[in-house]
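Reading the structure
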Amino acid sequence: MRFSKLRLNGFKSFVDPTDLIISDGLTGVVGPNGCGKSNLLEALRWVMGENRPKAMRGGGMEDVIFAGASARAARNFAEVSLQIDNTDRLAPSGFNDADQLDIVRRITRDVGSAYKANGKDTRARDVQMLFADASTGAHSPSLVRQGQISELINAKPKARRRILEEAAGISGLYQRRHEAELKLKNTEQNLLRVDDVIEQLA
Ligand code: ATP
């Protein structure tokens, strides 16, 4: 899976639709302080399903919507699209039947976030799993934010293990295990209820 284009629209300082073409090889983003370099990286994390406002340097998720400037009114929504080249069919099943994948996340004030994959409504969980399984998720160590190297040096072994697990592409398994445990608990509760009913009927 190779990212080929990132499009921002109303996301933080990118009020007008802006395309970032990601070519083969290394992509560098340079510019003066405050021009929006970190916002680009945050847009990438966000479209992959980041759901912690703090990771977006905000108090609430709606803080990613363009908040207005002296000459521009605030926007009502923010949208980020990520175009993925999937000619090698490396996207997990459910997503791997097309040469190109377009993942879109949109947040609307007072409504919340919605995701689309190639134009079809998709659950946040499925988008998060798509990237977690490909080791490029919102928490991926391949996206290095400011101050992260010193955090890593000082991190406790458990936190370091998480990074290795993410790099190995197994972090999606944690989510699946959690969901399986919840299902198991529900089933146990249902069985208890069935036992009660049988007892009453006996
Ligand atoms: P540095 O090199 O100093 O780290 P940078 O290029 O990484 O800077 P960013 O931190 O990405 O810059 O961008 C900061 C800019 O984004 C600030 O001017 C800030 O006002 C603007 N900004 C952040 N959130 C919003 C928002 N919701 N609406 C409008 N502008 C925003």
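Since this is a predicted model, take the numbers as computed values, not measurements. (Residues numbered from 1 in each chain as written. Predicted model: local features only at pLDDT ≥ 70, side-chain atom pairs only at ≥ 80, totals over all residues.)

Turning next to the overall build of the chain. Along the chain, the regular secondary structure elements total five helices and six strands. In sequence order, the chain lays out its α and β elements as β-β-α-β-β-β-β-α-α-α-α. Structurally, the chain occupies a C-alpha span of about 75 × 40 × 40 Å along its principal axes. Looking at the chain as a whole, 24% of its 202 residues qualify as buried. A separation threshold of at least 6 residues defines the contact pool for the chain, and within that pool the share at least 24 residues apart is 55%. (Helix = DSSP H or I, 4+ residues; strand = E, 2+ residues; numbered from the N terminus. Buried ≥ 20, exposed ≤ 12 C-beta atoms within 10 Å, placed from the backbone. Contact = placed C-beta atoms within 7 Å.)

Two faces belong to every sheet, and in a regular strand the side chains alternate between them. Relative to strand β3 (residues 77-85), strand β1 (residues 2-9) runs antiparallel, the two sharing seven bridges. Note on β3: the bridge partner recorded for F3 is I84. (Pairing = 2+ DSSP bridges.)

Considered for burial, the residues of helix α1 (residues 37-47) that qualify are L40, E42, A43, L44, R45, W46 and V47. Those residues of α1 hidden inside the fold are in contact with β1, β2 (18-21), β3 and β4 (100-108).

Listed under "binding site: ATP" (unreviewed entry) in the UniProt record, and renumbered for this structure, are P32, N33, G34, C35, G36, K37, S38 and N39. Here C35 shows up in the loop between β2 and α1. Here K37 falls in the partly exposed class, since 15 other C-beta atoms lie within 10 Å of it. Not counting chain neighbours up to four residues away, the residues in contact with K37 comprise V29 and G31. (UniProt positions renumbered as here; feature names shortened; annotations may be inferred.)

On to the site of the ligand, then. Taken together, the neighbourhood of the ligand is formed by 14 residues, with N33, K37, S38, N39 and A67 sitting nearest. Looking at the shell around the ligand residue by residue, the classes come out as four nonpolar, seven polar and three charged. (Near = placed C-beta within 6 Å. Nonpolar A, V, L, I, M, F, W, Y, C, P; charged D, E, K, R; others polar.)

Attention now goes to the nonpolar core. Within the largest apolar cluster, 30 residues are counted, with the highest numbers of intra-cluster contacts made by A43, V47, V64, V80 and I103. When residues of this core are traced back to their parent elements, those giving at least two are β1, α1, β3, β4 and α2 (124-133). In this structure I103 touches V47, S81, L82, I84, A117 and V127, once residues within four positions along its chain are discounted. (Core = buried A, V, L, I, M, F, W, Y, C linked by C-beta atoms within 7 Å.)

In this fold, M129 is placed in helix α2. On the neighbour-count criterion, M129 (20 C-beta atoms within 10 Å) is buried. Sequence separation of M129 and M48 is 81 residues, and the distance between their C-alpha atoms is 9.1 Å.

Our next topic: unusual backbone geometry. Of note in this structure, R57 is not a glycine but carries a positive phi near 60°. Position of R57 relative to the elements: it lies in the loop between α1 and β3. For R57, a count of 13 C-beta atoms within 10 Å puts it in the partly exposed group. Even without being a glycine, D110 presents a positive backbone phi close to 65°. Mapped onto the elements of the fold, D110 is located in the loop between β4 and β5 (112-117). For D110, a count of 6 C-beta atoms within 10 Å translates into the label exposed.

In this section: the confidence of the model for the chain. As a general rule, the predicted coordinates of low-pLDDT regions are not to be interpreted in detail. The predicted model of the chain has a mean per-residue pLDDT of 89, with 96% of residues at 70 or higher. Across the whole predicted complex the pTM is 0.78, and at the interface the ipTM reaches 0.94. (pLDDT = per-residue confidence, 0-100.)

Moving on: the sheet that holds β1. Sheet strands pair via backbone hydrogen bonds, and the direction of the pair is either parallel or antiparallel. Reading across the sheet, the six strands line up as β2-β1-β3-β4-β5-β6 and stay open at both edges, with antiparallel pairing between neighbours. Because the sheet does not close on itself, it has two edges, and the strands there are β2 and β6 (120-122). Across the sheet, the axes of successive neighbouring strands diverge by a mean angle of 20°, strand direction being ignored. In the packing of α1 onto the sheet, the strands contacted are β1, β2, β3 and β4, and the crossing angle to β3 comes to about 80°. α2 contacts β4, β5 and β6 of the sheet and is inclined by roughly 60° relative to β5. (Axes fitted to C-alpha atoms, helices over the stretch in contact; angles between N-to-C directions.)

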